[in-house]
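Observations on the model geometry
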Amino acid sequence: MTVFGNATVSTNSLLVTRAVIGDGNLDNVVNFADFVILSNNYGATNPRWSQGDYNGDGVVNFADFVQLSNNYGQTAANQLNLVV
Ligand SMILES: [Ca+2]
Ligand SMILES: [Ca+2]
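Analysis parameters
- Residues numbered from 1 in each chain as written.
- Chains lettered and ligands numbered in written order.
- Predicted model: local features only at pLDDT ≥ 70, side-chain atom pairs only at ≥ 80, totals over all residues.
- Helix = DSSP H or I, 4+ residues; strand = E, 2+ residues; numbered from the N terminus.
- Rg over C-alpha atoms; globule rule 2.2 N^0.38 Å.
- Contact = placed C-beta atoms within 7 Å.
- Buried ≥ 20, exposed ≤ 12 C-beta atoms within 10 Å, placed from the backbone.
- Axes fitted to C-alpha atoms, helices over the stretch in contact; angles between N-to-C directions.
- Parallel < 35°, antiparallel > 145°, perpendicular 65-115°, else oblique.
- Nonpolar A, V, L, I, M, F, W, Y, C, P; charged D, E, K, R; others polar.
- Core = buried A, V, L, I, M, F, W, Y, C linked by C-beta atoms within 7 Å.
- pLDDT = per-residue confidence, 0-100.

So, on to the overall build of the chain. If you tally the helices and strands in the chain, you get two helices and four strands. Listed by position from the N terminus, the elements making up the chain come as β-β-β-α-α-β. Whereas a compact globule of 84 residues would reach a radius of gyration of roughly 12 Å, the chain reaches 13 Å, a difference of no more than 12%. For the C-alpha atoms alone, the extent of the chain along its principal axes is close to 35 × 25 × 20 Å. Expressed as a percentage of contacts within the chain between residues at least 6 apart in sequence, the contacts between residues at least 24 apart total 48%.

As for its placement among the helices and strands, aspartate 57 is situated in the loop between α1 (32–40) and α2 (62–70). For aspartate 57, a count of 11 C-beta atoms within 10 Å puts it in the exposed group. Aspartate 57 sits ten residues away from proline 47 along the chain, and the two C-alpha atoms are 9.1 Å apart.

At a closest axis distance of 11 Å, the pairing of α1 and α2 adopts a crossing angle of 180 degrees. Between α1 and α2, the angle is such that the two are roughly antiparallel. Where α1 abuts α2, its residues Asp34, Phe35 and Leu38 lie against Asp64, Phe65 and Leu68. Considered class by class, the residues forming the contact of α1 with α2 number four nonpolar, no polar and two charged.

Moving on to the nonpolar core. Listed in full, the eight residues of the largest apolar core are Ala19, Val20, Val30, Ile37, Leu38, Tyr54, Val60 and Leu68. Setting aside residues up to four positions removed in sequence, leucine 38 forms contacts with Gly24, Gly52, Val60, Asp64, Phe65 and Leu68.

Turning our attention to the confidence of the model for the chain. On average, residues of the chain carry a pLDDT of 91, and 98% of them reach 70 or more. Here strand β4 (residues 81–83) stands out as the least confident element of the chain, with mean pLDDT 75; α1 is the most confident, with 98.

A few words on the environment of glycine 43. Relative to the helices and strands, glycine 43 resides in the loop between α1 and α2. You can call glycine 43 exposed: it has 8 C-beta atoms within 10 Å. Placed 13 residues apart in sequence, glycine 43 and glycine 56 show a C-alpha to C-alpha distance of 14 Å.

Structure follows, in structure tokens:
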């Protein structure tokens, strides 16, 4: 990643954003693309948010699907991206 929001970043940048639970690709909406991320990694252990571990418990499973489905179609109001 070389751009985060409107900012140029490097390997030394710390990226902080606010996201709706289930927004695996951080495009500010929970939708089918996020479901595909979850389904492609279903059962994975030690995954990251970007791989569908939306509750941070170290596995991609039905609990993450429930989180995604509860927020399906939601967007984060006033999305905020910070680069430190
Ligand atoms: Ca998304
Ligand atoms: Ca999980």
